[in-house]
Amino acid sequence: MELINDTAPEQEHEQEVKPVVPVVDTKWYVLRVVSGKERKIKEHLDKEIKISGWSNSILQVLCPIEKVFKVVAGKKVLREKILFPGYLMIEAADGKLKDDMIQTIKGVTNVIHFLGKDNPTSLRKSEVNKMFGKMDEVSEQGIGYAEPYIIGETVKIIDGPFNDFNGVVEEVNEEKKKLKVVVKIFGRATPVELNYMQVEKVA
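Residues numbered from 1 in each chain as written. Predicted model: local features only at pLDDT ≥ 70, side-chain atom pairs only at ≥ 80, totals over all residues. Heavy atoms only, no water.

Colleague: It is not clear to me how the side chain of Glu91 should be interpreted in this structure. Could you clarify?
Modeller: Position of Glu91 among the secondary structure elements: in strand E5 (residues 87-93). The buried charged residue Glu91 lacks any salt bridge, with Lys27 as its nearest oppositely charged partner at 11 Å. Of note is the side chain of Glu91, whose polar atom sits 2.9 Å from the side chain of Gln60. Once you skip the residues sitting within four places of it in the chain, Glu91 turns out to touch Thr26, Lys27, Trp28, Ser57, Ile58, Leu59 and Gln60. (Helix = DSSP H or I, 4+ residues; strand = E, 2+ residues; numbered from the N terminus. Buried < 20%, exposed > 50% of the residue type's maximum accessible area, 1.4 Å probe, protein only. Lys, Arg positive; Asp, Glu negative; His and termini not counted. Salt bridge = Lys/Arg side-chain N within 4 Å of Asp/Glu carboxyl O. Polar contact = N/O pair within 3.5 Å; in protein donor to acceptor, adjacent residues only side chain to side chain. Contact = heavy atoms within 4.5 Å.)

Colleague: Could you clarify how one ought to interpret the sheet that holds strand E1 (residues 26-33) in this entry?
Modeller: Adjacent strands of a sheet form backbone hydrogen bonds with each other and so pair up, either parallel or antiparallel. If you trace the 4 strands from one edge of the open sheet to the other, you get E2-E5-E1-E6, paired in antiparallel fashion. Since the sheet does not close on itself, it has two edges, and those belong to strand E2 (58-62) and strand E6 (111-114), each with one partner. Within the sheet, the average angular offset between the axes of one strand and its neighbour, ignoring direction, is 25°. Relative to E5, E1 is paired through 7 bridges, and the arrangement is antiparallel. When the bridges of E5 are listed, Val30 appears paired with Met89. Helix H3 (residues 99-106) contacts E1, E2, E5 and E6 of the sheet and is inclined by roughly 150° relative to E6. (Pairing = 2+ DSSP bridges. Axes fitted to C-alpha atoms, helices over the stretch in contact; angles between N-to-C directions.)

Colleague: Hey, could you run me through the packing of aromatic side chains in this one?
Modeller: Two numbers describe a pair of aromatic rings. These are the distance of the centres and the angle of the planes. For the coordinates displayed, the defined rule picks out 3 aromatic pairs. Seen from their ring centres, Trp28 and Phe132 are 5.4 Å apart, and the 70° between their planes marks the pair as edge-to-face. Taken together, the residues span a long stretch of sequence, with Trp28 in strand E1 and Phe132 in helix H4 (residues 125-141) at a distance of 104 residues. With a relative accessible area of 28%, Phe132 lands in the partly exposed category. (Phe/Tyr/Trp six-rings, centres within 6.5 Å; stacked < 30°, edge-to-face > 60°.)

Colleague: Is there a simple way to explain unusual backbone geometry in this structure?
Modeller: Phi is mostly negative for residues that are not glycine, and the peptide bonds are mostly trans. Despite not being glycine, Asn110 has its phi angle at roughly 75°, a positive value. Of note, Asn110 is situated in the loop between H3 and E6. You will see that Lys177, though not glycine, has its phi angle at about 60°, which is positive. Note on placement: Lys177 falls in the loop between strand E9 (166-173) and strand E10 (178-185).

Colleague: Would you explain the pairing of E9 in this entry?
Modeller: Regular strands place side chains that alternate from one sheet face to the opposite one. In terms of strand pairing, strand E8 (residues 154-157) meets E9 through 3 bridges, oriented antiparallel. Across the sheet, the residue bridging to Val155 is Gly167, located in E9. With 6 bridges joining them, E9 and E10 adopt antiparallel strand pairing. By the bridge assignment for E10, Val168 is matched with Val182. Once E9 ends, the chain turns through 4 residues before running back antiparallel as E10, passing Lys177 with a positive phi of about 60°.

Colleague: Explain the side chain of Glu153 to me, please; I cannot follow it from the model alone.
Modeller: Structurally, Glu153 can be placed in the loop between strand E7 (144-145) and E8. Within the local environment of Glu153, its side chain forms a polar contact with the side chain of Lys201, the two groups lying 3.1 Å apart. Excluding anything up to four places from it in sequence, Glu153 contacts Pro148, Gly167, Val168, Val169 and Lys201.

Colleague: Teacher, can you tell me more about the pattern of salt bridges here?
Modeller: Side chains that carry opposite charge are capable of pairing whenever their charged atoms lie near each other. Applying the stated criterion across every chain yields a total of 8 salt bridges. Across the pair Glu127 and Arg124 runs a salt bridge whose closest N-O atoms are separated by 3.5 Å. The class for Arg124 is exposed, based on a relative accessible area of 56%. Between Asp164 and Lys156 there is a salt bridge, with the nearest N and O atoms lying 3.9 Å from each other. Under the relative-accessibility criterion, Asp164 is labelled exposed at 56%.

Below is the structure:
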């Protein structure tokens, strides 16, 4: 009787080796731009990279943002704020920007120059870690506030048992986004702890 070896295909399968995808060495370059034009320049560069077929060389143009509340006409409005005003970060594969790419990028309206000017210098690993650390910190904190409160200013309470009362800021805890506000209740000064969401600036 002939024996059938039904383990052979399995053994063959075990010996299959998947191709190893090499890790691309990338470096980050800093582009100095006119403050307030960061998004427009990023959009322009993203299109240029696509049109010129540079996607394998320039992996991304980064314009980090944070979401912040701003008080406008007595209402909290959610806005996006540039994390590093006046700068864009460019990630390039193999750690090298080609001359034609450098010249094209430098020629874009409102671009001032690269860090390193004619010979763009890439960021050190510690600087890259610091940049991403700042971005992670903003991400973890969630939505921040464009206008931190200052001691001595008057604020209006818009939430909680003291809604509609005005008070004077006595302490500011920027880390916890909390305030100690002194409110006058029946003529007596009473300190109240509130978070930023519960107050608004008095215009």
